[in-house]
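Observations on the three-dimensional arrangement
One-letter residues, chain by chain:
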Amino acid sequence: MGEGKSFEITQRQVLEAYKRVRANQGAPGVDGVDFAAFEQDLRNNLYKIWNRMSSGSYFPRAVKGVEIPKKDGKTRLLGVPTIADRVAQMVVRNRFEPLVEPVFYEDSYGYRPTRSAADAIGATRQRCWKMPWVLEFDIKGLFDNIDHELMMRAVRWHTDDKWVILYVERFLKAPIQMPDGTIHERISGTPQGGVISPVLANLYMHYAFDHWMVTKNPRHPWARYADDGVIHCWSKAEAEKLRSALDARLRTCKLEMHPEKTRIVSCSRNRNPRDQHDHREFTFLGYTFRRRYVRNAKGEFFLGFTPAVSKDAGRALRAKIREIRQQNKATSIEKLAELVNPVVRGWYNYFSKYALGAAKRVLTYVNLTLARWVKAKYKSMRGSTKTAMSFLKRIATSKPNLFYHWQIGLLPTIG
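Now for a quick tour of the structure.

Scoring rules and cut-offs
Residues numbered from 1 in each chain as written. Predicted model: local features only at pLDDT ≥ 70, side-chain atom pairs only at ≥ 80, totals over all residues. Heavy atoms only, no water. Helix = DSSP H or I, 4+ residues; strand = E, 2+ residues; numbered from the N terminus. Buried < 20%, exposed > 50% of the residue type's maximum accessible area, 1.4 Å probe, protein only. Contact = heavy atoms within 4.5 Å. Areas by Shrake-Rupley, 256 points an atom, 1.4 Å probe, with all protein chains shown as cover. Phe/Tyr/Trp six-rings, centres within 6.5 Å; stacked < 30°, edge-to-face > 60°. Pairing = 2+ DSSP bridges. Axes fitted to C-alpha atoms, helices over the stretch in contact; angles between N-to-C directions. Disulfide = S-S within 2.5 Å. Parallel < 35°, antiparallel > 145°, perpendicular 65-115°, else oblique. Left-handed = near helix turned anticlockwise from the far one by under 90°. Nonpolar A, V, L, I, M, F, W, Y, C, P; charged D, E, K, R; others polar.

Scanning the chain from N- to C-terminus turns up 15 helices and 11 strands. Seen along its three principal axes, the alpha-carbon backbone of the chain occupies a region of about 75 × 60 × 40 Å. Taken over 415 residues, the chain has a buried fraction of 48%. Sequence-distant contacts, at least 24 apart, represent 65% of the contacts inside the chain between residues at least 6 apart. Here the chain has roughly 21100 Å² of accessible surface; of this, 50% comes from carbon and sulfur atoms.

Written out as structure tokens, the structure reads:
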């Protein structure tokens, strides 16, 4: 510890935190400083963070409020800290996360180093085969409504590091600069966009939901990813009773179930009229679970209740590819491939894990949008999609690895 320093925080901890923040990239905060500007005086900037954190005099700046569109046409307010504040948050996260990570349950999947959304889909798929009812729930504004007093009580339960406690509280209370420039004090919540926010949200939900389910409702397996979750039940009556109990539990923790995104779903595979219900499908983490025919290892078809890429996930991919095409009309096809491939690869790697055929059918759109790009770029092809597809097919023959979806067999077709 440096002379006259209050807390044992090393310069190496700050440097390691910066490396993790740098790898995640991200936009500037309220100070407008991006990574290029920050690195012009990197050594001094990191020294300032260390010096202030280790002496207890580090105070975060306001987070920058940025509105991003949601699928329902509304907007979500993200809070973007400055790069310096992200580094400071990462220093705290690197110390605190290893203390709470072993405490979290296996079925908490969001923002965890050894869990993923695909794991949550796999577990949910297996349970839907065994249990005929699901309570699908969503928490309204989780990141905005976390109670600071309850949050700090949980933090203190897991650490007695005074500097961790001090800085978590300061990060929670950092004001937000709204898109119109006004500054709002924060009396609840943790900025969705902050480096430490996912860990804090998981800790809060560990006590508000996860631990409550394990101790009070052990008959009901569940899966939760941040504010989105499913609970499996043996009967409709059981699901209705649990929905009421969960609603009361969340209100005790200053949270609220989303009224439009919380519902009871029948996932029975038989056609018995007694099992009929208003809701016979649900969407979880981009996958729609519903009754559909699937093929077993022998090639025989049978009726199952299984996940496949949702319509919204397909629409989102098409919108992203369309945006890339429209913004790069004059570029080369090689450059277009560089922009399209990461999007398609990431999407396919996630949605091909279950119902591969459905994912591939969505990706056929990519060739169509490439044909539209060809028609916009070359005057001789503007009148004919068939001619543009023939052009793409010739390129695919000579450069089959140019586009990722070509590599997996989705080549341009004519007719």
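Backbone geometry follows two general trends: most residues other than glycine have a negative phi, and most peptide bonds adopt the trans configuration. Even without a glycine there, the phi angle at Leu-285 is positive, about 55°. Relative to the helices and strands, Leu-285 resides in the loop between strand S9 (281–284) and strand S10 (287–295). The class for Leu-285 is buried, based on a relative accessible area of 17%. Of note, the phi angle at Ala-355 is positive, near 55°, even though the residue is not glycine. Considering the arrangement of structural elements, one finds Ala-355 in the loop between helix H12 (333–351) and helix H13 (356–377).

A few words now on the packing of aromatic side chains. Under the definition given, this model contains 21 aromatic pairs. With 4.9 Å between their ring centres and 45° between their planes, Phe-137 and Phe-209 make a pair best called tilted. Of the two residues, Phe-137 sits in strand S3 (residues 133–138) while Phe-209 sits in helix H9 (residues 197–216), which places them 72 residues apart along the sequence. When sorted by exposure, Phe-137 lands in the same class as Phe-209, which is buried. Ring geometry for Tyr-287 versus Tyr-354: centroids 5.7 Å apart, planes at 80°, classification edge-to-face. Highlighted residues: Tyr-287 in strand S10 and Tyr-354 in the loop between H12 and H13, separated in sequence by 67 residues.

Turning next to the sheet that holds strand S11 (residues 301–309). Read across the sheet, 3 strands follow the order S9-S10-S11 without closing on themselves; strand pairing throughout is antiparallel. The open sheet is flanked by S9 and S11, the only strands paired with a single partner. Direction aside, the axes of adjacent strands within the sheet are offset by 45° on average. Bridging between S10 and S11 involves 9 bridges; their strand directions are antiparallel. Counterpart to Arg-292 in the pairing with S11 is Gly-304.

This brings us to the sheet that holds strand S1 (residues 63–69). Strands sit in the order S2-S1-S4-S5 across an open sheet of 4 strands; the sheet is mixed. With one partner strand each, in any of the chains shown, strand S2 (75–80) and strand S5 (183–184) form the two edges of the open sheet. Here strand S4 (residues 176–177) pairs with S5 via 2 bridges, running antiparallel. Counterpart to Ile-176 in the pairing with S5 is His-184.

A word on the state of the cysteines. Inspection of the entire model under this criterion finds 0 disulfides. The thiol sulfur of Cys-253 is not disulfide-bonded, and the nearest other cysteine sulfur, from Cys-233, lies at 19 Å. Cys-128 supplies the cysteine sulfur nearest to Cys-267, a cysteine that is in no disulfide, at a spacing of 4.3 Å.

Structurally, the position occupied by Leu-410 is in the segment after helix H15 (404–407). Spatially, the C-alpha atoms of Leu-410 and Val-366 are 9.2 Å apart, while their sequence positions differ by 44 residues. Not counting chain neighbours up to four residues away, the residues in contact with Leu-410 comprise Lys-360, Leu-363, Asn-367 and His-405.

Let us now look at the packing of helix H4 (residues 83–100) against H9. Two elements in contact, H4 and H9, have axes whose closest approach is 10 Å; the angle formed by their N-to-C orientations is 25°. Judged on the interaxial angle alone, H9 and H4 are roughly parallel. As for how H4 packs across H9, the hand of that crossing is left-handed. Contacts between H4 and H9 involve Arg-93, Phe-96, Glu-97 and Val-100 from the first element and Val-199, Leu-200 and Leu-203 from the second. Residues of the contact of H4 with H9, tallied by class, amount to 5 nonpolar, no polar and 2 charged.

So, about the packing of helix H7 (residues 148–158) against helix H8 (residues 162–173). For the pair H7 and H8, interaxial distance at closest approach is 10 Å and the crossing angle is 160°. Considered as vectors, H7 and H8 are oriented roughly antiparallel to each other. Seen from above, H7 lies across H8 with right-handed handedness. Side by side, H7 and H8 meet where His-148, Met-151, Met-152, Val-155 and Arg-156 of the first sit next to Ile-165, Val-168, Glu-169, Leu-172 and Lys-173 of the second.

The analysis is restricted to geometry; functional conclusions fall outside its scope.
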